[in-house]
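So you can see what is in the structure, the chains are spelled out below.
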Amino acid sequence: MLSLMNVEGAIMTTVFSPEIEAYLRNLAPVRPPFMLEMEKYAMENYVSIIPPEVAQFLTFLVHLSQAREVLEIGTAIAYSTIWLAWAVAPRDGHITTIEINDRRAKTALKNIREAGLEDRITLLKGHAVDIVPKLQDTYDFIFIDAAKGQYGWFFEKLYPRLKPGGILVSDNVLAEGGVVTPDEELRHRQKTAVRRLRDYLEMITAHPNLETTVVPLSDGIAVSLKK
Ligand SMILES: C[S@@+](CC[C@H](N)C(=O)[O-])C[C@H]1O[C@@H](n2cnc3c(N)ncnc32)[C@H](O)[C@@H]1O
């Protein structure tokens, strides 16, 4: 596991060498100034957001799958949410996103307004554990980027909400290299989350109704296609 500074100075975690990551980051799409401001804010306030090369990958997946209805668990300040909203725009799609932290949700709403995307994004404030079971809609694309230890629980509740042919993307599945670190070398508080992540990866890769691949981009991204 490696940590490095990105071009804006943010500390990012990656399973790549710093040189490869920096190279990929330079190939990432140009962002408008307010997105660069969000990246700076995230770095200064220790908010973990997807790096631009992951945003590019998500955008690619949304276009490839022609997704319209997207659900995101873990908005933070709406950086990934805005990328997803841009990706569904050609199909007049919509993003529903869930954030538990009040302060982040407020910042997210401000950023969504600044991006002019209020009509394309619905932010639900609260615990995904409470909100997800109440969702009635089904989605073409679900992005899980919240508490790693809860991915298994999220999956169980989210699976019925994913349309056949839909895509489920789970972020940070390599736990900064924790999945390949012997248990005795993990810090005590990491152990449970890492064990749950390993169980989660085994479950989604063996699931008879999913086609899953784990892409070792950034901190690991699992992409699952519902058959
Ligand atoms: C890694 S950040 C999300 C980053 C964002 N997707 C991005 O890349 O711009 C994870 C976010 O999930 C939120 N979160 C964690 N557990 C949650 C839960 N059970 N329900 C809703 N939000 C949760 C955290 O407060 C945090 O803001």
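Residues numbered from 1 in each chain as written. Predicted model: local features only at pLDDT ≥ 70, side-chain atom pairs only at ≥ 80, totals over all residues. Heavy atoms only, no water.

1. Notes on the sheet that holds strand S6 (residues 139–144)
Our working definition: DSSP-based pairing: two strands are paired if at least 2 bridges between them are found. Only DSSP runs of H or I reaching four residues or more are called helices, and only runs of E reaching two or more are called strands; each is numbered from the N terminus. Axis lines are fitted through C-alpha atoms, for helices just across the contact stretch, and the angle between N-to-C directions can take any value from 0 to 180 degrees. By definition in these notes, contact holds between two residues if any of their heavy atoms fall within 4.5 Å.
Spatial strand order, S5-S4-S3-S6-S7-S9-S8: seven strands in an open sheet with mixed pairing. Strand pairing shows two members of the sheet lacking a second neighbour, strand S5 (121–125) and strand S8 (210–215), which therefore form its edges. Between one strand and the next, the sheet's axes are offset by a mean angle of 15°, whatever the strand orientation. Across five bridges, the pairing between strand S7 (residues 162–171) and strand S9 (residues 221–226) is antiparallel. Its bridge partner being in S9, serine 170 is matched across the sheet by alanine 222. Packing of helix H8 (residues 188–206) onto the sheet brings it into contact with S6, S7, S8 and S9, and relative to S8 it is tilted by some 135°.

2. Regarding the pattern of salt bridges
Close approach of charged atoms allows side chains with opposite charge to pair. Let me state the cut-off plainly: One side-chain nitrogen of Lys or Arg within 4 Å of one carboxyl oxygen of Asp or Glu is enough to make a salt bridge. Classification of residues uses two cut-offs on accessible area relative to the type maximum, computed with a 1.4 Å probe and protein chains only: under 20% is buried, over 50% is exposed, and between them is partly exposed.
Going through the model one piece at a time under the given rule, you end up with eight salt bridges. In this structure, the salt-bridge partner of glutamate 53 is arginine 25, at a minimum N-O distance of 2.5 Å. Of the two residues, glutamate 53 sits in helix H3 (residues 52–65) while arginine 25 sits in helix H1 (residues 18–27), which places them 28 residues apart along the sequence. Judged by relative accessible area, glutamate 53 falls into the buried class, the value being 4%. Judged by its relative accessible area of 4%, arginine 25 falls in the buried class. Bridged by salt links that share partners, the residues Glu21, Arg25 and Glu53 form one connected network.

Keep in mind these numbers describe shape, not what the thing actually does.
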